[in-house]
Amino acid sequence: SKVAISKPKILPSEGEDMHRKVFKGKWSFELGTAVGCVNFRNYFKNPTVTFSLKSRSKVEMRLTAPFHNPAPSLMVALYAANQNFSIVENEAAICASNDGVYKNSPCGCFVGDGLVLEKGNYAAVISTYEPMECEYELIFLFADQTNV
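With that settled, the discussion passes to the nonpolar core. Of all hydrophobic cores here, the largest spans 26 residues; its most connected members are Trp27, Phe51, Met61, Leu63, Val76, Leu78 and Leu117. Every element with two or more residues in this core is listed here: strand E2 (48–53), strand E3 (57–64), strand E4 (74–81), strand E6 (109–111), strand E8 (120–128) and strand E9 (134–142). Counting residues per element, this core draws most heavily on E9, which supplies five residues. The next biggest cluster of nonpolar side chains, apart from the first, holds seven residues, and it includes Met75, Ala77, Tyr79 and Val125.

What follows is about the sheet that holds strand E5 (residues 95–96). As summarised here, the arrangement of the four strands in space is E2-E8-E4-E5, forming an open sheet in which the pairing is antiparallel. Every other strand in the sheet has two partners, leaving E2 and E5 as the edge strands with one partner each. The pairing of E4 with E8 spans eight bridges and is antiparallel. Looking across to E8, one finds that Ala80 is bridged to Tyr122.

This next bit is on the pattern of salt bridges. Counted under the stated rule, the structure contains three salt bridges. In this structure, Glu137 and Lys24 form a salt bridge, with 3.8 Å as the shortest nitrogen-oxygen distance. With Glu137 in strand E9 and Lys24 in strand E1 (residues 19–27), this residue pair connects regions lying 113 residues apart in the sequence. Taking the relative accessible area as the measure of exposure, Glu137 reaches 18% and is therefore buried. What makes Lys24 exposed here is its relative accessible area of 65%.

Quick look at the packing of aromatic side chains now. What the rule picks out here adds up to eight aromatic pairs. Between Trp27 and Tyr136 the ring centres are 4.9 Å apart and the planes differ by 55 degrees, which places this aromatic pair in the tilted class. With Trp27 in strand E1 and Tyr136 in strand E9, this pair connects stretches of sequence that are 109 residues apart. In this pair, the class of Trp27 matches that of Tyr136, namely buried.

Calculation notes
- Residues numbered from 1 in each chain as written.
- Predicted model: local features only at pLDDT ≥ 70, side-chain atom pairs only at ≥ 80, totals over all residues.
- Heavy atoms only, no water.
- Core = buried A, V, L, I, M, F, W, Y, C linked by side-chain atoms within 4.5 Å.
- Buried < 20%, exposed > 50% of the residue type's maximum accessible area, 1.4 Å probe, protein only.
- Helix = DSSP H or I, 4+ residues; strand = E, 2+ residues; numbered from the N terminus.
- Pairing = 2+ DSSP bridges.
- Salt bridge = Lys/Arg side-chain N within 4 Å of Asp/Glu carboxyl O.
- Phe/Tyr/Trp six-rings, centres within 6.5 Å; stacked < 30°, edge-to-face > 60°.

Given below as structure tokens:
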């Protein structure tokens, strides 16, 4: 009997048909931003990337530490922010990469698979599990270039 072979489906690349902004920085002991996870009690001193959406939009983010080997354990957590781009007090994260579990993968961590945010202000806290100095790159993808 014959077996039908179908053409394989091509998977879209991450962020296909989306606009991209790249934020580069460093967790620094000198600047007080190399503070690690919440266990070290200074979590909100980690670097934060803020943005405003003018309308509802699909959003994705990938955090990497491209020059650190081995890869550190990373996480991105997304919070609602007020008009001054401060994180709304006592508000839980809207979402976090890997459901809030730190990940030490060479490809970093990802948040946003199917994530659609409403109009408003947001803050993404990017952190390492252990306090450490390390360069980072946050790739921010959004659906509409005029929206951010």
